[in-house]
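Structural overview
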Amino acid sequence: MIIDVHGHYTTAPAALGAWRDLQIAALQDPSRTPRASDLRISDDELRESIETNQLAKMRERGSDLTIFSPRASFMAHHIGDFQTSSTWAAICNELCHRVAEMFPDHFVGAAMLPQSPGVDPASCIPELERCVREYGFVGINLNPDPSGGHWTSPPLTDRHWYPLYEKMVELDIPAMIHVSTSCNACFHTTGAHYLNADTTAFMQCLTGDLFKDFPTLRFLIPHGGGAVPYHWGRFRGLAQELKKPLLDEHLLNNIFFDTCVYHQPGIDLLTKVIPVKNVLFASEMIGAVRGIDPLSGHHYDDTKRYIAATPHLSDEERHLVYEGNARRVFPRLDARLKARGR
């Protein structure tokens, strides 16, 4: 199987964005706050939004299953308060659940959390549990910076986050570390803020000892790990100066990277520097980079093509990247697939 571990519902019907606009506008006048029931999106609208977009490209490019979560830039945890985020997360997660129920062979859900700046992360646990236990979701997206580019939260290694980690360990689910929209003009959302966050999350984990407290906790760092693979020597050297163990022992039993790297040299570097057991196939297609590369004539986010062309990977290693590692990092996904004879 070709399992894409990084997909977002970027093509949701326009009614979703219109409802969100009403919710944001009502922050100035709470009497105008829309109800969740005011949002009406039919099954036919959902089906068309998927069949003509993500599913069409999956079939065209040869991937089988996508771990599907709400649109990352729409999470916007910095807007409103916890109740704002709670209502919005529930709506977005329900839509992904409906998609997964409609196309069970091709999509499985991962949850957006109702995070809010300054609010105890434990407040997210009810939505997390609902998505895993009732919807059958196999993972979550965890935003290390709910402030939207101002980084007001403690590092991921701080006990501030421990209630979430305890629940993740209990449910045996990983978290993709994924920020949302930047409201800081210094950081372009997808070109800077996302990649900064990937690098920052890794460095936070490097300087701490989180995985001594949670040896089975698993983080997936997207977008190829930001700057991490390119500067692997720097991170190895910093760990050495900080008297940390070798990175293989210190972090690589718990941290994994996806292949949302949109050119061949980048994928070649990623799979040479990072152990293959830590690399999971992903495309984030119909996401930040949707165009065609004039140098190759193919879409930038057709990442399966890069994995296939990487000269130093054996067939066994390609299998790990495409499928094996995803089944190991997402055990609930593996159980779901086995139950369906896959």
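Up top is the structure.
Rules behind the numbers
Residues numbered from 1 in each chain as written. Predicted model: local features only at pLDDT ≥ 70, side-chain atom pairs only at ≥ 80, totals over all residues. Heavy atoms only, no water. Helix = DSSP H or I, 4+ residues; strand = E, 2+ residues; numbered from the N terminus. Rg over C-alpha atoms; globule rule 2.2 N^0.38 Å. Buried < 20%, exposed > 50% of the residue type's maximum accessible area, 1.4 Å probe, protein only. Contact = heavy atoms within 4.5 Å. Areas by Shrake-Rupley, 256 points an atom, 1.4 Å probe, with all protein chains shown as cover. Lys, Arg positive; Asp, Glu negative; His and termini not counted. Charge placed at Lys NZ, Arg CZ, Asp CG, Glu CD. Salt bridge = Lys/Arg side-chain N within 4 Å of Asp/Glu carboxyl O. Pairing = 2+ DSSP bridges. Phe/Tyr/Trp six-rings, centres within 6.5 Å; stacked < 30°, edge-to-face > 60°. Axes fitted to C-alpha atoms, helices over the stretch in contact; angles between N-to-C directions. Parallel < 35°, antiparallel > 145°, perpendicular 65-115°, else oblique. Left-handed = near helix turned anticlockwise from the far one by under 90°. Nonpolar A, V, L, I, M, F, W, Y, C, P; charged D, E, K, R; others polar.

Description of the overall build of the protein
Counting its secondary structure elements, the protein contains 15 helices and nine strands. Here the protein has a C-alpha radius of gyration of 19 Å; the compact-globule value for 342 residues is 20 Å, and the two agree. Per-residue burial for the protein yields a buried fraction of 54% across its 342 residues. By sequence separation, contacts in the protein at least 24 residues apart represent 77% of the contacts at least 6 residues apart. Carbon and sulfur atoms provide 52% of the accessible area of the protein, an area that totals close to 14,300 Å². Charged side chains of the protein number 33 positive and 41 negative; the gap between the two group centres comes to 2 Å.

Overview of the pattern of salt bridges
In the structure shown here, the tally under the stated rule is 18 salt bridges. For D209, the salt bridge goes to K212, with nearest N and O atoms at 4.0 Å. Put simply, R327 and D334 hold a salt bridge, and the shortest N to O gap is 2.7 Å. Taken individually, R327 and D334 each receive the classification buried, so the pair is uniform in this respect. Each member of the salt-bridge network shares a partner with another, and the members are E129, R133, K167 and E170.

What to know about helix α7 (residues 162-171)
Residues Y162, L164, Y165, K167, M168 and L171 constitute the buried set of α7. Of the surrounding secondary structure, the elements contacted by the buried residues of α7 are α6 (125-134), β5 (140-142), β6 (175-177), α9 (210-213), β7 (219-221) and α15 (331-339). Following α7 by one or two positions, D172 has its phi on the positive side, about 60 degrees.

Observations concerning the sheet that holds β7
Strand order in the open sheet formed by six strands is β4-β5-β6-β7-β8-β9, and the pairing between neighbours is parallel. With partners counted over all chains shown, the strands left at the sheet margins are β4 (111-112) and β9 (279-280), one partner each. Here strand β8 (residues 255-258) pairs with β9 via two bridges, running parallel. Bridge pairing links F257 to V279 in β9.

Remarks on the packing of aromatic side chains
Pairs of aromatic rings are described using the distance from one ring centre to the other and the angle between the two planes. What the rule picks out here adds up to 15 aromatic pairs. A centroid spacing of 6.1 Å and a plane angle of 40 degrees characterise the contact between F74 and W88, whose relative ring orientation is tilted. Taken together, the residues span a long stretch of sequence, with F74 in helix α4 (residues 72-75) and W88 in helix α5 (residues 82-102) at a distance of 14 residues. For F74, a relative accessible area of 28% corresponds to the partly exposed category. Owing to a relative accessible area of 0%, W88 belongs among the buried residues under this scheme. Where Y165 meets F214, the ring centres are 5.7 Å apart and the plane angle is 75 degrees; that geometry is what we call edge-to-face. On the criterion of sequence distance, the pair formed by Y165 in helix α7 and F214 in the loop between α9 and β7 is long-range, its members being 49 residues apart. For the pair formed by Y165 and F214, the shared burial category is buried.

Regarding the packing of helix α8 (residues 189-207) against helix α10 (residues 232-241)
Put simply, α8 and α10 touch, their axes get as near as 11 Å, and they point 25 degrees apart. Between α8 and α10, the angle is such that the two are roughly parallel. You can see that α8 and α10 cross each other, and the crossing is right-handed. On α10, the residues that touch T199, F202, M203 and L206 of α8 are W232, F235, L238 and A239. Broken down by class, the residue content of the contact of α8 with α10 amounts to seven nonpolar, one polar and no charged.

No statement about biological role is implied by the geometric values presented.
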